[in-house]
Amino acid sequence: MEENMQLGIRLHDTKKLPFEERIANVHELGFACGHLAPGKVISEFPTTDEALTPGLAMYMKNVFAKNQVDVAVLGCYLNLANPNPEQLAKITHRYMAHIRFASWLGCGVVGTETGAPNETYTAVPECHGEEALQTFITNLRPVVKYAEQMGVVMAIEPVWKHIVYNPARARRVLDEINSPNLQIILDPVNLLDYCNYKDQVAIVDEAIDLLGEDVAMVHLKDFIPEDGKLRSVGCGLGQMDYTSVLKFMKERKPFIHATLEDTTPENNVQVKNFIQGLYDNL
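A quick note: this is a predicted structure, and the numbers were derived from the prediction, not measured.

**Student:** I'd like to hear about the overall build of the protein, residue by residue, with values.
**Tutor:** A count of helical and extended segments in the protein gives 9 helices and 10 strands. Of all intrachain contacts in the protein linking residues separated by at least 6 positions in sequence, the fraction that spans at least 24 positions is 78%. About 12,300 Å² of surface is accessible on the protein, with carbon and sulfur atoms providing 51% of the total.

Shown next, in the form of structure tokens:
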């Protein structure tokens, strides 16, 4: 059968519309799933921790179901390595609220990046140190335990600028926490930086080798090297080689959710058609 990757989009990269109209529009564009960051998508009602009730979850679940759009990931991209105890307590509370909400919403995973050892979530050399990693693991533990209690998968996304910056480090986190409820969001571009993008094929292959069995979903975007940095763009607009990741999805992860990132309302259909075409022709 032909269509066995479920391609979706970050909902906040689609046309700004009221919630119900936005999800209908996502279906019309031909997307099967969405990355939901409630605060970035919904303005007509609050999405604070206390607003995330079973009733709200079921209302939203019905809107998604009516439009045949899965919630692939509930994004809660906060800094679990924040050194300020008060801020960390609020962050942990917010993760738990999202995990509860995900259990009612029937969503794929609650997703997070892996932070920085400061209050401003700034990329610093210390991100790549051992101390930052241990802090992150310590602070992630209670969140994963709560995910276990709620029957939800928490998925971390390795990013070069953050604490879990390469596949080996991500493998360490999985092994140390050792929970079936902790998995991986694989975003190949996020493993790259200006200093290593020329080794992209080897880096993505290593990620698949070390993390493949624990990959719950995939993010797809592209990159353009410029001014000593990588700029993220929609698939097909940069220098990313998708062969390994698409082959991995096709051969080992039937019907996996894969959401596009860094598209715009103007190019999201073009980007969708590009990546679907590559996948179909593998």
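Okay, back to it.
**Student:** Talk me through the packing of aromatic side chains; I want residue IDs and the actual numbers.
**Tutor:** In this structure the tally under the stated criterion is 8 aromatic pairs. Relative to F64, the ring of F19 lies with its centre 5.7 Å away and its plane at 70°, an arrangement referred to as edge-to-face. Placement of F19 in helix α1 (residues 19–28) and of F64 in helix α3 (residues 54–66) is noted, with a sequence separation of 45 residues between them. A relative accessible area of 2% means that F64 is categorised as buried. Seen in terms of ring centroids, Y242 and F274 are 6.2 Å apart; in terms of plane orientation they differ by 70°. Their pairing is edge-to-face. Here Y242 is found in the loop between β9 (229–233) and α8 (243–252), whereas its partner F274 is found in helix α9 (residues 268–280), with 32 residues between them in sequence. With relative accessibility at 34%, the residue F274 sits in the partly exposed group. The structure contains a cluster of three or more aromatic residues connected by ring pairs, namely F19, F45, Y59 and F64. One residue, K250, lies across the ring of Y279, its end atom 4.9 Å from the ring centre. The side chain of K272 reaches across the aromatic face of F31, ending 5.9 Å from its centre.

**Student:** How would you explain the packing of helix α7 (residues 200–211) against α8 if you had to name every residue and give the values?
**Tutor:** Contact pair α7 / α8: the axes reach a minimum separation of 9 Å and the direction vectors enclose 25°. Our classification of the angle between α7 and α8 gives roughly parallel. Along its contact with α7, which presents V204, D205 and I208, the element α8 presents S244, V245, F248 and R252. Split by residue class, the contact of α7 with α8 holds 4 nonpolar, 1 polar and 2 charged.

**Student:** Quick rundown of the sheet that holds strand β7 (residues 215–220)? Include the residues and the values.
**Tutor:** Here we have 8 strands rolled up into a closed barrel, ordered β1-β2-β3-β4-β5-β6-β7-β10, and parallel in their pairing. Mean inter-strand twist for the sheet, computed between neighbouring axes without regard to direction, equals 30°. Of the pairings in the sheet, the one linking strand β6 (residues 182–186) to β7 comprises 3 bridges and is parallel in character. Residue I184 lies in a different strand from β7, and its bridge partner there is V215. Across the sheet, helix α4 (residues 85–105) lies against β2 (33–36), β3 (70–75), β4 (109–112) and β5 (154–156), angled at about 170° from β3, the strand it touches most. Each of β1 (5–10), β7 and β10 (256–260) is contacted by α9, which is oriented at about 155° to β1, the strand it contacts most.

**Student:** Break down the pairing of β7 for me, citing the residues and quoting the values.
**Tutor:** Taken across its 6 residues, β7 has 5 buried, putting it largely inside the fold. Handedness of the β-α-β unit built from β6, α7 and β7 comes out right-handed. Taken together, the 3 bridges between β7 and β10 define a ladder with parallel strand orientation. Bridge assignment links H219 to a residue of β10, and that residue is T259.

**Student:** Break down the environment of A207 for me, citing the residues and quoting the values.
**Tutor:** Within the secondary structure, A207 sits in helix α7. Ignoring sequence-local partners within four residues, the contact set of A207 consists of P167, L186, L191 and G212.

**Student:** Report on the side chain of H35, specifying residues and quantitative values.
**Tutor:** Assignment of secondary structure puts H35 in strand β2. Taking relative accessible area as the criterion, H35 reaches 3% and is therefore assigned buried. Not counting residues within four places of it along the chain, the set of residues in contact with H35 comprises I9, R10, L11, H12, V73, G75, Y77, H219 and T259.

Cut-offs applied
- All chains use their own residue numbering, which begins from 1 and follows the written sequence.
- For a predicted model such as this one, the threshold for reporting local features is a pLDDT of at least 70, and the threshold for listing and counting side-chain atom pairs is 80 or more; totals across whole chains, interfaces and linings nevertheless cover every residue.
- Here the side-chain values reflect all heavy atoms present in the structure, with hydrogen atoms and water set aside.
- Starting at the N terminus, helices and strands are each numbered in turn, a helix being any DSSP run of H or I of at least four residues and a strand any DSSP run of E of at least two.
- Any two residues whose heavy atoms approach within 4.5 Å at even a single point are treated as in contact.
- All accessibility values rest on the Shrake-Rupley procedure with a 1.4 Å probe; residue burial counts only the protein chains present in the view.
- Under the pairing criterion, centres of Phe, Tyr and Trp rings, with the six-membered ring standing for Trp, must be within 6.5 Å; the plane angle then separates stacked pairs below 30 degrees from edge-to-face pairs above 60, leaving the rest tilted.
- We call a residue buried when its accessible area falls under 20% of the maximum for its residue type, exposed when it is over 50%, and partly exposed in between, using a 1.4 Å probe and counting protein chains only.
- Whether a charge lies above a ring is judged from NZ of Lys or CZ of Arg, which has to be within 6 Å of the ring centre and within 35 degrees of the ring normal.
- Interaxial angles span 0 to 180 degrees and are taken between N-to-C directions of axes, which are lines fitted to C-alpha atoms, for helices over the stretch in contact.
- For this classification, under 35 degrees means roughly parallel, over 145 means roughly antiparallel, 65 to 115 means roughly perpendicular, and everything else is oblique.
- Classes in brief: Ala, Val, Leu, Ile, Met, Phe, Trp, Tyr, Cys and Pro nonpolar; Asp, Glu, Lys and Arg charged; the others, Gly included, polar.
- Pairing between strands is defined by DSSP: at least two bridges between them are needed.
- By convention, orient the strands away from the viewer: a clockwise path from the first strand over the helix to the second makes the crossover right-handed.

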